[in-house]
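One letter stands for each residue in the lines below.
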Amino acid sequence: MIAHAIAKSEIVVQGKSERLKNELYWRLNVRPNANETATDFWIEVIQKLLKESECLICVVGNCFYVADSFQEDNSVMLNQVYSNITITANGQNLILSRTFNSDEVIHLKAKNARIRAYMETVMRMHDEVISAMESSIKISKTPKFLFKIVGTMPVIRTVKQDGTTQDLTIDDFKASLKRMLESENIEILQMNNGMELSHLSIDTKVTSDDITKMSKEIFEECAFAFDIPKSVFLGEITEKADSTNEFITYAVSWVVEVLNDAMNAILVGKKDYLDGEYVWIDLSRFKHRDLVESANNLDKLRAIGFNLDEIRQAIGWEPLNTEFSQERVVTKNYTNDLGGENA
């Protein structure tokens, strides 16, 4: 859910005075490399980051690749060096022959090892409980019969096809009973004196509803671990706006900040960043907005100085790039009315 929220959002390349759509924008939002779309790429990046607590993105030329595995040295004061980097392209593994320093890769790290350990423990415990519950249900629903012999063991005889009789052992007789009980044909069972056959009922008091409740507990634990509102995780949203906002605030925003910092450090650099250029993930398009319901709020943006192109971009529309659409018009007067001739 976190990965999909970020992959759906736009990565903005901000110049000194306007948003840019250049080679970097293309790679970040459309085609990071020759074989992947940006949506699939960023979903893989975020999932790897959250599952493995880190993700390495190699910058090769103008293309980005996710490393399946790599080795890094233990440098502290100097740039770290990455080697034996393996990437996957078209289902094939490729080991990069060169080494990379920390200025040539985007190394994302998430300090969530404790979350991973917690989730692994929760899943292991719940797996054991659910397996036991499933076994109990299977036992209770599988027919069982009690074969009882009262007194001494009677002699059990059967008539063969040639008319002769044959004495059966108790095991032979139970096997014959089993075949008859499993048969789809109507059969009549004749029991000797001292022999009883009855249905054995086993009530385990476990139902499929119990497994459903246990599964729901797993989902709630997972939502709790990643700070996702339970109503959002379970699809039980009643106050859609508040729940979605909480999801973005607590579960998504910190991951976005990790990405923003890493991309600015490597793709923008200190000099350009301090000059006002930067890269950032715009989460505003993640939330669905009804244009008619939002009309009044959009009008307020226009009133405080946003131009039409900026408003159109905020709702996912293309800018008009005209003199009219880029004009800023403030329609509210915030000056003091002092009276007199100019009042």
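Residues numbered from 1 in each chain as written. Predicted model: local features only at pLDDT ≥ 70, side-chain atom pairs only at ≥ 80, totals over all residues. Heavy atoms only, no water.

Trainee: Is there a simple way to explain the overall build of the protein in this structure?
Mentor: Helix and strand counts for the protein come out as 11 helices and 13 strands. Among the 343 residues that make up the protein, the fraction classed as buried is 30%. When the accessible surface of the protein is summed, it comes to about 23000 Å², and 51% of that surface belongs to carbon and sulfur atoms. (Helix = DSSP H or I, 4+ residues; strand = E, 2+ residues; numbered from the N terminus. Buried < 20%, exposed > 50% of the residue type's maximum accessible area, 1.4 Å probe, protein only. Areas by Shrake-Rupley, 256 points an atom, 1.4 Å probe, with all protein chains shown as cover.)

Trainee: Can you help me understand the sheet that holds strand S1 (residues 10–14) in this one?
Mentor: Pairing in this open sheet of three strands is antiparallel, and the strands run S2-S1-S13 from one edge to the other. Each edge of the open sheet carries a strand with a single partner, namely strand S2 (19–20) and strand S13 (278–282). The sheet contact formed by S1 and S13 spans five bridges and is antiparallel. Its bridge partner being in S13, Val 13 is matched across the sheet by Val 279. (Pairing = 2+ DSSP bridges.)

Trainee: I keep staring at the nonpolar core and nothing clicks. Help me out?
Mentor: Residues Ile 2 and Trp 42 are the most contacted members of the largest nonpolar core, which totals 45 residues. Among the elements that make up this core, the one with the highest residue count is helix H8 (residues 240–268) (10 residues). Ile 2 has contacts with Ile 46, Leu 50, Phe 226, Ile 228, Phe 247, Ala 251, Val 252 and Val 255, leaving out every residue within four places of it along the chain. In this structure, Cys 58, Cys 63, Tyr 82 and Ile 85 belong to the second largest nonpolar core, which totals 11 residues. (Core = buried A, V, L, I, M, F, W, Y, C linked by side-chain atoms within 4.5 Å. Contact = heavy atoms within 4.5 Å.)

Trainee: I tried to follow the confidence of the model for the protein on my own but got confused; where do I start?
Mentor: On average, the protein scores 82 in pLDDT, and the residues at 70 or more come to 85%. By mean pLDDT, strand S10 (residues 156–159) is the weakest element of the protein at 69, and helix H2 (residues 23–29) is the strongest at 95. (pLDDT = per-residue confidence, 0-100.)

Trainee: Teacher, can you tell me more about the environment of Ala 225 here?
Mentor: Along the chain, the position of Ala 225 falls in helix H6 (residues 208–225). Given the relative accessible area of 10%, Ala 225 is considered buried. In this structure, the C-alpha to C-alpha distance between Ala 225 and Tyr 118, residues 107 residues apart in sequence, is 8.1 Å. Among all residues touching Ala 225, those that are not within four sequence positions of it are Ile 115, Tyr 118 and Met 119.

Trainee: I keep staring at the environment of Ser 131 and nothing clicks. Help me out?
Mentor: Within the secondary structure layout, Ser 131 lies in helix H4 (residues 113–141). Classification of Ser 131 by relative accessible area gives partly exposed; the value is 39%.

Trainee: What should I look at first to understand the side chain of Thr 86 in this one?
Mentor: Inspection of the secondary structure puts Thr 86 in strand S5 (residues 81–89). A relative accessible area of 13% means that Thr 86 is categorised as buried.

Trainee: Sorry, what's going on with unusual backbone geometry here?
Mentor: Most of the time, phi is negative for any residue but glycine, and the peptide bond is trans. One non-glycine residue with positive phi stands out, namely Ser 53, at about 70 degrees. By the element assignment, Ser 53 lies in the loop between helix H3 (38–52) and strand S3 (54–60). Exposure remark for Ser 53: the relative accessible area of 13% places this residue in the buried category.

Trainee: Sorry if this is basic, but what is going on with the packing of H4 against H6 here?
Mentor: Helix packing for two helices is described by the angle between their axes and how far apart those axes are. In the contact formed by H4 and H6, the axes pass within 10 Å of each other and the chain directions differ by 180 degrees. Here H4 lies roughly antiparallel to H6, going by the angle between them. Two secondary-structure elements touch here, H4 through Ile 115, Tyr 118, Met 119, Val 122, Met 123, His 126, Val 129, Ile 130, Met 133, Glu 134 and Ile 137 and H6 through Ser 208, Asp 210, Ile 211, Met 214, Ser 215, Glu 217, Ile 218, Glu 221, Cys 222, Phe 224 and Ala 225. Residue classes in the contact of H4 with H6 are distributed as 15 nonpolar, three polar and four charged. (Axes fitted to C-alpha atoms, helices over the stretch in contact; angles between N-to-C directions. Parallel < 35°, antiparallel > 145°, perpendicular 65-115°, else oblique. Nonpolar A, V, L, I, M, F, W, Y, C, P; charged D, E, K, R; others polar.)

Trainee: Even after reading the chapter, I still don't get the side chain of His 107, so can you show me in this structure?
Mentor: The residue His 107 is located in strand S8 (residues 105–109) in this model. Note on His 107: relative accessible area 17%, which makes it buried. Within the structure, His 107 has its side chain in polar contact with the side chain of Glu 54 (distance 2.8 Å). Separated by 2.8 Å, the side chains of His 107 and Tyr 82 make a polar contact. In this structure, His 107 is in contact with Glu 54, Cys 55, Leu 56, Phe 70, Glu 72 and Tyr 82, ignoring residues within four places of it in sequence. (Polar contact = N/O pair within 3.5 Å; in protein donor to acceptor, adjacent residues only side chain to side chain.)

Trainee: Would you take a moment to explain the pattern of salt bridges for this structure?
Mentor: In a structure, side chains of opposite charge can pair up when their charged atoms sit close to one another. Following the criterion strictly, the structure yields eight salt bridges and no others. Note that Arg 98 and Glu 104 form a salt bridge whose closest N and O atoms lie 2.8 Å from each other. A relative accessible area of 40% means that Arg 98 is categorised as partly exposed. Close ionic contact of Lys 230 with Glu 220 constitutes a salt bridge, the shortest N to O distance being 3.9 Å. Placement of the pair is Lys 230 in helix H7 (residues 230–233) and Glu 220 in helix H6, with a sequence separation of 10 residues. For Glu 220, a relative accessible area of 27% translates into the label partly exposed. It is possible to trace a salt-bridge network through shared partners that takes in Glu 10, Arg 19 and Asp 282. (Salt bridge = Lys/Arg side-chain N within 4 Å of Asp/Glu carboxyl O.)

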